[in-house]
Amino acid sequence: MALSLYVDTERWRAHQRTVLEQFPGLVPVCKGNGYGFGHERLAEEVARFGSDVIAVGTTFEAARMKDWFSGDLLVLTPFRRGEEPVPLPDRAIRTVSSVDGVNALVGARVVIEVMSSMKRHGVREEDLGKLRAAIDDVRLEGFAIHLPLDRTDGSDAVEEVIAWMDRLRAARLPLETMFVSHLKPEEFALLRQQFPQTRFRARIGTRLWLGDHKATQYRGSVLDVTRVTRGDRFGYRQQKALGDGWLVVVAGGTSHGVGLEAPKTMHGVTPRAKGVARAGLATVNRNLSPYLWDGKQRWFAEPPHMQVSILFVPAEAAEPKVGDELVAILRHTTTQFDRLIEH
């Protein structure tokens with residue numbers, strides 16, 4: 001009995017092929033929990049489609065990935081002077097976002113990130129003069145720009161990339177390779193067309209691995225079913241059942257990521273109203289679970305436990321049976337499955 005991730009492998013790979021065709025020279029990103037699949041599994045996929053490089057989040061991830069992938073390892077978290085040293089092979093490439101970082105990595109392979117409208121990290125325009133003198137002491141693999149997902153001000157992603165290329169060119173910095181993120185296929189194609197002398201490489205994770213939602217599905221096994229009537233007490237906190245029905249114990253708890261939720265950015269009146277409604281229900285211990293049964297998303301009977309969740313299924317729904325599997329709507333990047341089943 002487990003929380004399982006089911007993967008329609010052929011459909012999943014067909015989507016990968018589509019993305020690879022849209023972004024020639026793509027750099028697959030395999031950071032965090034491996035987008036729900038795990039680093040080792042994604043390393044197998046990257047080796048299968050023949051990429052020469054894989055991008056990871058941290059040096060610690062690179063240290064693990066080096067045993068599963070034989071190509072270059074691009075570390076996306078920028079180097080900082082004084083960081084904890086992690087032994088990495090020469091095929092590791094460090095992202096650097098400051099002139100000081102470049103000066104500290106003499107002889108290393110580096111990608112230099114510039115400050116985009118994300119305003120997260122990157123070399124600023126006023127430092128490009130100092131940067132030109134510093135790159136002689138490193139093995140420069142290219143420049144990178146990390147773009148925002150949404151552009152609520154109406155600005156243009158391609159124009160932002162071109163503006164930075166103009167600045168780099170004016171500072172007499174080499175523009176052989178530009179690593180880019182969060183571009184649409186047509187935007188990427190336009191850049192390649194306008195600047196044939198520069199190799200553009202799109203760093204892509206979510207679109208590549210999770211772009212076809214129907215290729216994957218989480219399911220939790222039913223471990224126990226107990227009939228209750230309105231007013232019966234149950235659980236750790238001995239709450240009262242709100243009606244007649246069943247308490248359903250299903251695989252998947254906080255150790256799997258069930259019940260954990262990242263903050264969301266909301267645009268518009270309707271999403272905000274729904275958020276307020278959910279918050280109001282939570283104050284009276286009404287929290288919607290990610291599990292579906294008999295066509296509806298079911299409520300947690302109480303907060304999820306470490307490895308299981310207890311749901312309340314009302315009497316008017318079909319009775320769940322031990323061994324049934326409930327589809328679960330879970331976020332891949334925060335979920336740890338018990339088993340992966342490919343079909």
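Residues numbered from 1 in each chain as written. Predicted model: local features only at pLDDT ≥ 70, side-chain atom pairs only at ≥ 80, totals over all residues. Heavy atoms only, no water.

## Observations regarding the overall build of the protein
- Helices and strands together make up the secondary structure of the protein, namely nine helices and 18 strands.
- Along the first, second and third principal axes, the C-alpha set of the protein runs to 75 × 45 × 40 Å.
- Counting over 343 residues, the protein shows a buried share of 47%.
- In the protein, the share of contacts with a sequence separation of at least 24, taken over all contacts with a separation of at least 6, comes to 66%. (Helix = DSSP H or I, 4+ residues; strand = E, 2+ residues; numbered from the N terminus. Buried < 20%, exposed > 50% of the residue type's maximum accessible area, 1.4 Å probe, protein only. Contact = heavy atoms within 4.5 Å.)

## Brief notes about the side chain of Ser97
- With respect to the secondary-structure elements, Ser97 resides in the loop between strand 5 (92-96) and helix 4 (99-104).
- For Ser97, a relative accessible area of 6% puts it in the buried group.
- Within polar-contact distance, the side chain of Ser97 engages the side chain of Arg80 at 3.0 Å. (Polar contact = N/O pair within 3.5 Å; in protein donor to acceptor, adjacent residues only side chain to side chain.)

## Here we look at helix 7 (residues 185-194)
- For helix 7, the full list of buried residues reads Pro185, Glu187, Phe188 and Leu191. Seen from one end, helix 7 has its buried residues packed into an arc of 165°, which puts them on one side. Counted as exposed and oriented over 90 degrees from the buried face of helix 7: Glu186 and Gln193. (Arc of directions from axis to C-beta.)

## Observations concerning the packing of helix 6 (residues 157-170) against helix 7
- The interhelical angle for the contact between helix 6 and helix 7, taken along N-to-C directions, is 35°, at an axis separation of 10 Å. In this structure, the crossing between helix 6 and helix 7 has a hand that is right-handed. Contact residues: helix 6 offers Ala157, Val158, Val161 and Ile162, while helix 7 offers Glu187, Leu190, Leu191 and Gln194.
- Class assignment for the residues of the contact of helix 6 with helix 7 results in six nonpolar, one polar and one charged. (Axes fitted to C-alpha atoms, helices over the stretch in contact; angles between N-to-C directions. Left-handed = near helix turned anticlockwise from the far one by under 90°. Nonpolar A, V, L, I, M, F, W, Y, C, P; charged D, E, K, R; others polar.)

## Here we look at the packing of helix 1 (residues 9-22) against helix 2 (residues 39-49)
- Axis separation between helix 1 and helix 2 bottoms out at 12 Å; the angle between their running directions is 55°. Relative to helix 2, the element helix 1 lies oblique. Here helix 1 and helix 2 pass one another in a crossing that is right-handed. Two secondary-structure elements touch here, helix 1 through Trp12, Arg13, Gln16 and Leu20 and helix 2 through Arg41, Leu42, Glu45, Arg48 and Phe49. (Parallel < 35°, antiparallel > 145°, perpendicular 65-115°, else oblique.)

## Quick word on the pattern of salt bridges
- Going through the model one piece at a time under the given rule, you end up with 21 salt bridges.
- The closest approach of N and O atoms between Arg13 and Glu45, which form a salt bridge, is 2.9 Å. Of this pair, Arg13 sits in helix 1 while Glu45 sits in helix 2; the two residues are 32 residues apart in sequence, bridging distant segments of the chain.
- Looking at Arg13, the relative accessible area reads 24%, which means it is partly exposed.
- When its relative accessible area of 1% is taken as the criterion, Glu45 is described as buried.
- The closest approach of N and O atoms between Glu325 and Arg339, which form a salt bridge, is 3.7 Å. (Salt bridge = Lys/Arg side-chain N within 4 Å of Asp/Glu carboxyl O.)

## Observations concerning the pairing of strand 14 (residues 288-293)
- Looking at chain direction, strand 14 and strand 15 (residues 296-300) are connected through three bridges and run antiparallel. Bridged to Leu292 within strand 15 is Gln297.
- Connecting the antiparallel pair strand 14 and strand 15 is a turn made up of two residues, with Asp294 showing a positive phi of about 55°. (Pairing = 2+ DSSP bridges.)

## Looking at the nonpolar core
- If you look at the biggest cluster of nonpolar residues, it comprises 87 residues, and the most contacted ones within it are Phe37, Leu74, Leu131, Leu168, Phe200 and Trp209.
- If you count residues domain by domain, this core takes at least three from each of domain 1 (9-210) and domain 2 (216-342).
- For Phe37, the contacting residues outside a window of four places in its chain are Leu5, Val7, Trp12, Leu42, Trp209, Leu210, Thr216, Phe337 and Leu340.
- In terms of nonpolar packing, the next biggest core, distinct from the first, is built from nine residues, Val228, Ala241, Val249 and Ala301 among them. (Core = buried A, V, L, I, M, F, W, Y, C linked by side-chain atoms within 4.5 Å. Domains from an automatic or database assignment.)

## Section: the packing of aromatic side chains
- Under the defined criterion, the tally for this structure stands at five aromatic pairs.
- Members of the aromatic cluster, joined through ring pairs, are Trp12, Phe37, Phe49 and Trp209.
- A cation sits over an aromatic face here: Arg167 above Trp164, 4.8 Å from the ring centre.
- Over the face of the ring belonging to Tyr6 we find Arg219, whose NZ or CZ atom lies 3.7 Å from the ring centre. (Phe/Tyr/Trp six-rings, centres within 6.5 Å; stacked < 30°, edge-to-face > 60°. Lys NZ or Arg CZ within 6 Å of the ring centre and 35° of its normal.)

## Quick word on the domain arrangement of the protein
- Assigned domains of the protein: these are domain 1 (9-210) and domain 2 (216-342).
- For domain 1 versus domain 2, the distance between C-alpha centres works out to 38 Å.
- In this complex, domain 1 contributes nine residues to the contact, which on the side of domain 2 involves ten residues.
- Both sides together, the interface formed by domain 1 and domain 2 hides about 760 Å², and carbon and sulfur atoms give 54% of it.
- At the surface where domain 1 touches domain 2, the tally comes to one salt bridge.
- The salt bridge involving Glu342 is made with Arg41; its shortest N-O contact spans 2.9 Å.
- There are six residue pairs in polar contact (both at pLDDT 80 or more) connecting domain 1 and domain 2.
- Looking at the side of domain 1 that touches domain 2, its residues break down into three nonpolar, four polar and two charged. (Buried area = accessible area lost by both parts, 1.4 Å probe.)

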